[in-house]
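Given next are the chains, with one letter for each unit.
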Amino acid sequence: MLSSYITFFITGFLFIVLSIPLIFKKIKINNWYGIRLPQTMLNEKVWYEVNSKVGKYIFILGLIICLLSVLLYFYPFIDEVYTIFILLSALIMGSVILIILSIKYSNKYND
């Protein structure tokens, strides 16, 4: 069970680490890393603005996942299955929100 908490913590930590170059606009347009939507791939200004803005939300999601995994590990009154469900739900809901925000900001900055 400890491996599940470690896995979620590492996932959150990776979100944090990978969001930092996006926040500071260090990643050029590419096919592998960043918010790759048609609007962002065609316009460099849109690419940097969307990736910077959404990168901040990726950072926050990473923090939430890390904190939840640590808090749920030390909270002994919740069943292990429920803790995995809570962590997985947070990760999935956060990812869906990131997708929606990516599309919203790419349309906003493209206008």
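Described in the following lines is the structure provided in the data block. (Residues numbered from 1 in each chain as written. Predicted model: local features only at pLDDT ≥ 70, side-chain atom pairs only at ≥ 80, totals over all residues. Heavy atoms only, no water.)

### What to know about unusual backbone geometry
The general pattern is negative phi for most residues beyond glycine and trans for most peptide bonds. You will see that Lys-25, though not glycine, has its phi angle at about 55°, which is positive. As for its placement among the helices and strands, Lys-25 is situated in the loop between helix H1 (2–23) and helix H2 (38–42). (Helix = DSSP H or I, 4+ residues; strand = E, 2+ residues; numbered from the N terminus.)

### Description of the pattern of salt bridges
A complete count under the given rule lists one salt bridge for this structure. Lys-25 serves as the salt-bridge partner of Glu-49, at 3.0 Å between the closest nitrogen and oxygen. Here Glu-49 is found in helix H3 (residues 44–74), whereas its partner Lys-25 is found in the loop between H1 and H2, with 24 residues between them in sequence. We classify Glu-49 as partly exposed; its relative accessible area is 25%. By relative accessible area, Lys-25 is classed as partly exposed at 37%. (Salt bridge = Lys/Arg side-chain N within 4 Å of Asp/Glu carboxyl O. Buried < 20%, exposed > 50% of the residue type's maximum accessible area, 1.4 Å probe, protein only.)

### Points about helix H4 (residues 80–110)
Between its first and last C-alpha, H4 extends 45 Å over 31 residues, near the 45 Å set by a 1.5 Å rise per residue. When H4 is considered as a whole, its buried residues turn out to be Thr-83, Leu-87, Ala-90, Leu-91, Gly-94, Leu-98, Leu-101, Ser-102, Tyr-105 and Ser-106. Among the structural elements, H1, H2 and H3 are those in contact with the buried residues of H4. (Expected span 1.5 Å × (residues − 1). Contact = heavy atoms within 4.5 Å.)

### Quick word on the nonpolar core
A general feature of soluble globular proteins is that nonpolar side chains tend to end up buried together. If you look at the biggest cluster of nonpolar residues, it comprises 20 residues, and the most contacted ones within it are Val-50, Val-54 and Ile-65. Those elements that place two or more of their residues in this core are H1, H3 and H4. It is H3 that provides the largest number of residues to this core, a total of nine residues. (Core = buried A, V, L, I, M, F, W, Y, C linked by side-chain atoms within 4.5 Å.)

### Topic: the packing of H1 against H3
Closest axis-to-axis distance for the H1/H3 pair is 7 Å, and the angle between their directions is 160°. The orientation of H1 with respect to H3, classified from their angle, is roughly antiparallel. Two packed elements cross with a definite hand, and for H1 against H3 that hand is left-handed. (Axes fitted to C-alpha atoms, helices over the stretch in contact; angles between N-to-C directions. Parallel < 35°, antiparallel > 145°, perpendicular 65-115°, else oblique. Left-handed = near helix turned anticlockwise from the far one by under 90°.)

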